[in-house]
Amino acid sequence: MTHSAPHHSDHDHGQCVAGALARVEKCCAEKGLRMTPLRRSVMKALAETHVPLGAYEIVERLAAAGEPTPPMSVYRVLDFLVAEGLAHRIESRNAFLACGHPHDTDEVVVFLICERCGLTKEVASHAVGRDLAWAARAAGFEPRQRVLEVAGTCAHCRETVAAEVAGTAGAG
């Protein structure tokens, strides 16, 4: 199933794509790696939407754009992007999302995932990170990853549902 980002008129996806591609180019240049056409295409696909995409959805998008690519090649690029902090894996969805910005090592990344439209917002929280670090230390636990996924309903979908309910109530 191919997802597109929910329509929010005040959002410029072109800026998201340009920023994401610039981060990949910078990362490759700093590490002496090639910015391959496939790395560019996969990051562009991720940055064009704020809905997590599975590897096969990316394969479908690339094929539709005239770039047929084997799934294993897409997985390798996704592994690279995640390892470099340029993308995140959303475990609950088995999908990936372009990373909006670099994170501090003590920072917890929180994903707010809309169960209705799939829109996923990335937010950071030092306070949650501090509390999580304290709880982990108290339990003698060393976290490998500091990521939280919170499911719920975004403002746009709540407004849509409220309008649908109001329309149904007025029709009766």
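Everything in this summary refers to the structure shown in the same document. Numbering of residues starts from 1 in each chain and follows the order in which that chain's sequence is written. Two thresholds apply to this predicted model, a pLDDT of at least 70 for residue-level local features and 80 or more for giving and counting side-chain atom pairs, whereas whole-chain, interface and lining totals are computed over all residues. For the side-chain quantities, the full set of heavy atoms in the structure was used; hydrogens and water were omitted.

A few points about the layout of surface pockets
In this approach a probe as big as a water molecule rolls over the atoms, and the regions it shows empty are the leftover space.
Point 1. Only protein atoms enter the 1 Å grid, on which a cavity is a set of points fitting a 1.4 Å probe that cannot get out and a pocket is an open set with protein on both sides within 12 Å along at least 5 of 7 lines, lining residues being those with an atom within 4 Å of a point. Grid points are joined across faces, edges and corners, and a volume is the space filled by probe spheres set on the points. The calculated volume of the second largest pocket comes to roughly 390 Å³.
Point 2. Lining of the second largest pocket is provided by 16 residues; of these, His88, Val109, Gln145, Arg146 and Val147 occupy positions nearest its centre.
Point 3. At the level of elements, β1 (87-90) and β3 (108-114) are the ones that each hand at least two residues to the lining of the second largest pocket.
Point 4. Secondary structure follows DSSP: runs of H or I at least 4 residues long count as helices, runs of E at least 2 residues long count as strands, and numbering of each begins at the N terminus. Considering every element that reaches the lining of the second largest pocket, the biggest residue donor is β1, with 3 residues.
Point 5. Residue polarity is assigned by list, with Asp, Glu, Lys and Arg as charged and Ala, Val, Leu, Ile, Met, Phe, Trp, Tyr, Cys and Pro as nonpolar; anything else, Gly included, falls into the polar class. Looking at the lining of the second largest pocket residue by residue, the classes come out as 6 nonpolar, 5 polar and 5 charged.

Brief notes about a nonpolar patch on the surface
Point 1. A cluster of nonpolar side chains, namely Leu112, Val123, Val128, Leu148 and Val150, defines an oily patch on the protein surface of about 330 Å² accessible area.
Point 2. Along the chain, the position of leucine 148 falls in strand β5 (residues 147-152). Nonpolar side chains (Val, Leu, Ile, Met, Phe, Trp, Tyr) are joined into patches within 5 Å and like charges within 9 Å, using only residues with over 30% relative accessible area and no salt bridge. Using a 1.4 Å probe, the Shrake-Rupley method yields the accessible areas, and only the shown protein chains count as cover for residues. One speaks of a salt bridge when a side-chain nitrogen belonging to Lys or Arg is within 4 Å of a carboxyl oxygen belonging to Asp or Glu.

Looking at the packing of helix α2 (residues 37-47) against helix α4 (residues 71-83)
Each packed pair of helices is defined by two parameters, the angle between the axes and the distance between the axes.
Point 1. Interaxial angle, 0 to 180 degrees, is taken between N-to-C directions of lines fitted to C-alpha atoms, where a helix line uses only the stretch in contact. Viewed as axis vectors pointing N to C, α2 and α4 meet at an angle of 75°, and their least axial separation amounts to 10 Å. The angle between the axes of α2 and α4 places the two elements in the roughly perpendicular class. Residues Leu38, Arg39, Val42, Met43 and Leu46 of α2 lie in contact with α4, whose contacting residues are Ser73, Val74, Val77, Leu78, Phe80 and Leu81.
Point 2. Its residues assigned to classes, the contact of α2 with α4 comprises 9 nonpolar, 1 polar and 1 charged. Orientation categories follow fixed angle ranges, with anything under 35 degrees roughly parallel, anything over 145 roughly antiparallel, 65 to 115 roughly perpendicular, and all other angles oblique. Here a residue-residue contact requires only that any non-hydrogen atoms of the pair lie within 4.5 Å.

Side note on the side chain of arginine 39
Point 1. In this structure, arginine 39 sits in helix α2.
Point 2. Burial classes: relative accessible area under 20% of the type maximum marks a residue as buried, over 50% as exposed, and values in between as partly exposed (1.4 Å probe, protein chains only). By the counting scheme adopted, Arg and Lys are positive, Glu and Asp are negative, and His together with the chain ends is not counted. As a buried residue without a salt bridge, arginine 39 has its nearest oppositely charged side chain in glutamate 84, at a separation of 7.8 Å.
Point 3. Any N or O atom pair separated by 3.5 Å or less is treated as a polar contact, with the protein-specific requirement of one donor-capable and one acceptor-capable atom, and with residues adjacent in sequence counted only for side-chain atom pairs. One polar contact links the side chain of arginine 39 to the main-chain carbonyl oxygen of arginine 34, over a distance of 2.7 Å.
Point 4. Setting aside residues up to four positions removed in sequence, arginine 39 forms contacts with Cys28, Leu33, Arg34, Val77 and Phe80.

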